[in-house]
Amino acid sequence: MQLSRDALVRAYRQMKVIREFEERLHLEIQTGEIAGFTHLYCGQEAVAVGVCEHLTIADKIVSTHRGHGHCLAKGCDVTGMMMEIWGSREGLCKGKGGSMHIADADLGMLGANGIVGAGAPIAVGAALSAKLDGAGRIAVAFSGDGACNQGTTFEAMNLAVVTRAPCVFVFENNHYSEHTGPDYAVGTQLDIASRAEAFGMKVWRADGTDFFAVYDTMREVLDHARAGNGPAAVEFDTERFFGHFEGDPQRYRGPGELDRIRETRDCLKRFREQVVAGKLLEPADLDAIDSEVMHLIDQAADAARGADRPLPEDVFTDVYISY
């Protein structure tokens, strides 16, 4: 599908924002100013953006512990997210969510989740709500290859098929469930999509390091789901550039593996090559976006560093919802 120039610029900017947001966190975490575990999304940007560019605010997504990219791709505020990760009461969730539990319900981002596989049932619930109102909305459950082994994910897929809920299960296979490869931990070896297919839904597979492959595939998947055909699943083969968590020594990586994937499977590098070769954008256009994004990230980090921290009495607020 041919994208307009504006759409290409937006897609590249979204991927670049995610990349530089995560690269900045990688540096800032080493200062000790950011508390708690952080799981970075670098390398997988084409999936988050290629999926979310098709979604409206009314569509819902549920993320994972590696959720910054999904949040940003769905439109969450960059500075608000940075403040949240820094633990500020000015953050998106007032400093109570942190890295693994960022949410913005107003944008359809129902939350990242620190429990592997816990997002799928939530997404099915959102999809059932969408089915009942008949407005054509859908819900997306992002999962990694590790989540494909969780009972919650199995039950969610089965329930979605039985109820014909418009839920799309997006599996980002980055080849490592924490430290274990799917060739060892997944009975279907490297193929995760076939598990979803066994429940009775239609599945797709695509290269998650190619934005255009992700974008075109998701258009087909979402057309299928929005047309009332029930749930669907898609598996994107991708890579993560950092460890499972910040501080992970990554001894499970092979010699030269990180250098190889950064050189040959970088989705931003691939995007630049494709649009320049196709004369869709000029290198100067992309360089200008790079500069703009770096300025944005610098501003966000500075704002987060100086933002107010929660007060002791804040522990009693936002505990229960009032209906």
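Conventions adopted
- For every chain, the first residue of the written sequence is number 1, and numbering continues from 1 onward in sequence order.
- In view of the model being predicted, local features appear only for residues whose pLDDT reaches at least 70, and side-chain atom pairs are presented and counted only at 80 or more, with totals across whole chains, interfaces and linings using the full set of residues.
- Remark: hydrogens and water are excluded; side-chain values derive from all non-hydrogen atoms of the structure.
- Secondary structure is summarised from DSSP: a helix means a run of H or I of at least four residues, a strand means a run of E of at least two, and numbering begins at the N terminus for each.
- Computation of the radius of gyration draws on C-alpha atoms, with the globule rule given as 2.2 Å multiplied by the number of residues to the power 0.38.
- Classification of residues uses two cut-offs on accessible area relative to the type maximum, computed with a 1.4 Å probe and protein chains only: under 20% is buried, over 50% is exposed, and between them is partly exposed.
- Note on contacts: a residue pair is in contact if any heavy atoms of the two residues lie within 4.5 Å.
- Here the accessible surface of atoms and residues is derived via Shrake-Rupley with a 1.4 Å probe, and residues count as covered only by protein chains that are part of the display.
- The convention is simple: Lys and Arg are positive, Asp and Glu are negative, and His and the chain ends are not counted.
- A charged residue contributes its charge at one atom only: NZ of Lys, CZ of Arg, CG of Asp or CD of Glu.
- Lines fitted to the C-alpha atoms define the axes, with helices restricted to the stretch that makes contact. Angles between their N-to-C directions range from 0 to 180 degrees.
- Roughly parallel means an angle under 35 degrees; roughly antiparallel, over 145; roughly perpendicular, 65 to 115; everything else is oblique.
- When the near helix sits turned anticlockwise from the far one by under a right angle, the crossing is termed left-handed; a clockwise turn instead gives a right-handed crossing.
- Any pair of N or O atoms that falls within 3.5 Å is considered a polar contact. Within protein, one atom must be able to donate a hydrogen and the other to accept it, and sequence-neighbouring residues count only if both atoms are side-chain atoms.
- The criterion for strand pairing is that DSSP finds at least two bridges linking the strands in question.
- Within this document, salt bridges are pairs made up of a side-chain nitrogen of Lys or Arg and a carboxyl oxygen of Asp or Glu, the two lying within 4 Å of each other.
- Place the viewer so that the strands point away; then a crossover is right-handed whenever the path from the first strand over the helix to the second strand goes clockwise.

> So what about the overall build of the chain? Which residues, and what values?
Summing up its helical and strand segments, the chain has twelve helices and five strands in all. The globule rule puts the C-alpha radius of gyration for 323 residues at 20 Å, and the 19 Å found for the chain is close to it. Dimensions along the principal axes, computed over C-alpha positions, put the chain at roughly 55 × 50 × 40 Å. Sorting the 323 residues of the chain into buried and exposed places 53% on the buried side. Considering only contacts in the chain between residues 6 or more positions apart, those separated by 24 or more positions represent 72%. For the chain, the exposed area adds up to about 14000 Å²; of that, 54% sits on carbon and sulfur atoms. Charge centroids of the chain, computed over 32 positive and 48 negative side chains, lie 3 Å from each other.

> Got a sec to walk through the packing of helix α1 (residues 5-29) against helix α4 (residues 78-86)? Specific residues and values, please.
As a packed pair, α1 and α4 sit with axes 12 Å apart at the nearest point and diverge in direction by 25 degrees. In terms of their interaxial angle, α1 and α4 are classed as roughly parallel. Both α1 and α4 take part in a crossing whose hand is right-handed. Contact residues: Val17, Phe21, Leu25 and Glu28 in α1; Val78, Met81, Met82, Ile85 and Trp86 in α4.

> Quick rundown of α4? Include the residues and the values.
With eight of nine residues buried, α4 is to be regarded as a mostly interior element. Within α4, burial applies to Val78, Gly80, Met81, Met82, Met83, Glu84, Ile85 and Trp86. Tucked into the core, α4 has its buried residues touching α1, α3 (68-73) and α12 (283-306). Where α4 starts, the residue carrying a side-chain oxygen 3.3 Å from the main-chain nitrogen of Thr79 turns out to be Asp77. Among the residues trailing α4, Gly87 stands out with phi positive, at a value near 85 degrees.

> Help me get a handle on the sheet that holds strand β4 (residues 202-207), residues and values and all.
Backbone hydrogen bonds hold the strands of a sheet together, and the pairing may be parallel or antiparallel. Pairing is parallel across the open sheet formed by five strands, whose spatial order is β1-β2-β3-β5-β4. The sheet is open, and its two borders are formed by β1 (60-62) and β4, each paired with just one other strand. When strand polarity is set aside, the average angle formed by the axes of neighbouring strands in this sheet is 20 degrees. Where β1 and strand β2 (residues 139-144) come together, three bridges link them in parallel fashion. Bridging from a neighbouring strand, Ile61 pairs with Val140 of β2. Across the sheet, helix α5 (residues 119-133) is in contact with β1, β2 and β3 (167-173); its angle to β2 comes to roughly 170 degrees. Those strands touched by helix α9 (residues 211-226) are β3, β4 and β5 (232-237), and its axis lies near 170 degrees from that of β4.

> Go over the pattern of salt bridges with me, naming the residues and quoting the values.
On inspection of all chains with the given rule, the structure shows 28 salt bridges. Its salt-bridge partner being Asp59, residue Arg226 comes within 2.7 Å of it at the nearest N-O pair. Taken together, the residues Arg226 in helix α9 and Asp59 in the loop between α2 (45-52) and β1 connect sequence positions 167 residues apart. What emerges from the salt-bridge pattern is a single network uniting Arg24, Glu28, Glu33, Asp298, Asp302 and Arg305.

> Give me the lowdown on the pairing of β3, citing residues and values where you can.
The buried count for β3 comes to seven of seven residues, which makes it a mostly enclosed element. Sheet topology places β2 next to β3; six bridges connect them, and they run parallel. By the bridge assignment for β3, Gly144 is matched with Glu172. On the question of chirality, the crossover connecting β2 to the parallel β3 by way of helix α6 (residues 151-163) is right-handed.

> Which residues make up unusual backbone geometry, and what values do they have?
Of note, the phi angle at Arg164 is positive, near 55 degrees, even though the residue is not glycine. As for its placement among the helices and strands, Arg164 is situated in the loop between α6 and β3. Backbone geometry at Asp318 places phi at a positive 60 degrees, although glycine is not the residue there. Take Asp318: its relative accessible area is 51%, and that puts it in the exposed class.

Read these as spatial facts, not as claims about activity.
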